[in-house]
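In case you want the letters, here they are:
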Amino acid sequence: MKKIRIGSIGLGRLGYEHAVNIAARVPGAELKALCDVDKEKLRNVAGQLGVEQTYEDYEQMCKDPELDAICIVSPSDLHTKQIRTALDNGKHVFCEKPLDTMVEKCREAEQIVAAHPEQVFMLGFMRRYDYSYRKAKEKIDRGDIGRIILIRAYTQDPLATIESTLKFAPHSGGQFLDMCVHDIDLCSWFTGGQKPKELWAVGGCFAYPQYRELNDGDNVSCLIQYEDETMAFLFAGRAAAHGCNVETEIIGTKGTLRIGSVGTDSMLEVLSENGVCRECYPDFMYRWHDAYIAEMEEFVNCIREGRKPGVTVYDGTLASETAYRCKESFETGKKLSFRE
Ligand code: NAI
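Residues numbered from 1 in each chain as written. Predicted model: local features only at pLDDT ≥ 70, side-chain atom pairs only at ≥ 80, totals over all residues. Heavy atoms only, no water.

Asks: Break down the packing of aromatic side chains for me, with residues and values.
Replies: Within this structure, the stated rule accounts for six aromatic pairs. Between Tyr-133 and Trp-288, the ring centres sit 6.0 Å apart and the planes meet at 40 degrees, which makes this aromatic pair tilted. Residue Tyr-133 is found in helix H6 (residues 131-141), and its partner Trp-288 is found in the loop between helix H10 (284-287) and helix H11 (289-305); the two are separated by 155 residues along the sequence. Judged by relative accessible area, Tyr-133 falls into the buried class, the value being 0%. For Trp-288, a relative accessible area of 2% corresponds to the buried category. Between Arg-13 and the ring centre of Phe-168, over which it is positioned, the NZ or CZ distance is 4.4 Å. Its end group placed over the ring of Trp-288, Arg-287 keeps NZ or CZ at 4.0 Å from the ring centre. (Phe/Tyr/Trp six-rings, centres within 6.5 Å; stacked < 30°, edge-to-face > 60°. Helix = DSSP H or I, 4+ residues; strand = E, 2+ residues; numbered from the N terminus. Buried < 20%, exposed > 50% of the residue type's maximum accessible area, 1.4 Å probe, protein only. Lys NZ or Arg CZ within 6 Å of the ring centre and 35° of its normal.)

Asks: Any chance you could break down the environment of Glu-110 for me, citing the residues and the numbers?
Replies: Along the chain, the position of Glu-110 falls in helix H5 (residues 103-114). Residues Glu-110 and Leu-99, spaced eleven residues apart in sequence, show a C-alpha to C-alpha distance of 9.6 Å. Not counting chain neighbours up to four residues away, the residues in contact with Glu-110 comprise Val-313, Tyr-314 and Thr-317. (Contact = heavy atoms within 4.5 Å.)

Asks: Go over the packing of H6 against helix H8 (residues 175-190), please, and point to the residues and values.
Replies: Each packed pair of helices is defined by two parameters, the angle between the axes and the distance between the axes. Taken N-terminus to C-terminus, the directions of H6 and H8 make an angle of 30 degrees; their axes are 10 Å apart at the nearest point. When the axis of H6 is compared with that of H8, the two are roughly parallel. Side by side, H6 and H8 meet where Tyr-133, Arg-134, Ala-136, Lys-137 and Ile-140 of the first sit next to Leu-186, Trp-189 and Phe-190 of the second. Of the residues assigned to the contact of H6 with H8, the class counts are six nonpolar, no polar and two charged. (Axes fitted to C-alpha atoms, helices over the stretch in contact; angles between N-to-C directions. Parallel < 35°, antiparallel > 145°, perpendicular 65-115°, else oblique. Nonpolar A, V, L, I, M, F, W, Y, C, P; charged D, E, K, R; others polar.)

Asks: How would you sum up the site of the ligand? Please name residues and give values.
Replies: Residues in close proximity to the ligand total 30 residues, the closest being Arg-13, Asp-36, Lys-41, Ser-76 and Tyr-292. Between the ligand and Arg-13 there is a distance of 2.7 Å, counted from an oxygen atom to a side-chain nitrogen or oxygen. In this structure, an oxygen atom belonging to the ligand sits 2.9 Å away from a main-chain N or O atom of Leu-14. Here the ligand has 850 Å² of accessible area as a free molecule, and 87% of this is covered by the chains. Elements that contribute at least two residues to the shell around the ligand include exactly helix H1 (13-24), helix H4 (79-88) and H8. Across the shell around the ligand, the residue classes break down as 13 nonpolar, ten polar and seven charged. (Near = heavy atom within 4 Å. Polar contact = N/O pair within 3.5 Å; in protein donor to acceptor, adjacent residues only side chain to side chain. Areas by Shrake-Rupley, 256 points an atom, 1.4 Å probe, with all protein chains shown as cover.)

Next comes the structure, spelled out in structure tokens:
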């Protein structure tokens, strides 16, 4: 079967990872073109991965008749317009989360995707493709833990990568849209698409006052109650001393599931004068390495098999809308209903 020829936009922290995966680790895919506004980065990555076709302008790349699909890994506030250009040019689209940073733009993206029903559109909520999270979902759907009462989720980036995190912050959409959005999506996935009823978000600048200038916090949390009364407590932090720590607990009426309750990258234990230590994932790239490959495989397989992925544009809007409402609650200090 013919390989799916992909052009990838954005070669930053995650864009580089996706480009390497498409080039070397995803069966059935071919990395055919690359695009970035940073000329030097573009030349270096293209040289390293042996990609001949390069573009500084994504609109030009989307017109390339040699491409079947576009992978969007650019800053979050550019997603909708790049989705439009790619779909209007007949390409299948994989787009990184969040769908966009503004709810109106997410709704616009929904309309664009609906107008191209023959093309595959997939959003990068890669946790849904992580082995442990997939197992948890299977158990929930089978009724193993009964009805979900509470979901507790922590997502912490490591202190070691704080410089790139700070650089990324201005166009990230803020902690809720950038980080909590993953946990928010998991909550709706686990609960079968429940919508929030009320939420309250708080946070602060505990080590990095720079975030205050962006109307953000370096550590934030929120409490959400869903329409069916399920509760969720989410925490997102930018600078955990021990590394990239992601943990999730799902408490049900008949049992509890925990994923990564001790954030550790292997079975290795180091016994020394410091005691007994297990090392944490150094960054999100290590933690989600397999999931990034698995989600791209699913995108390519959907195109080849003419089917649609489980994660949709509507999941993207719901997650961004919930995250945006959390941001409003954080900024106003008020408990808010999801929809006024
Ligand atoms: P980054 O800031 O490291 O890289 C962005 C890249 O896009 C840069 O190389 C920049 O030169 C390029 N760029 C900017 N404007 C462009 C344009 N108009 N055309 C082409 N290229 C352009 O950002 P990072 O961390 O790679 O994030 C990119 C996206 O991936 C964001 O939407 C982010 O939310 C998402 N992301 C998702 C993660 C996940 O776990 N699913 C993890 C990290 C990021």
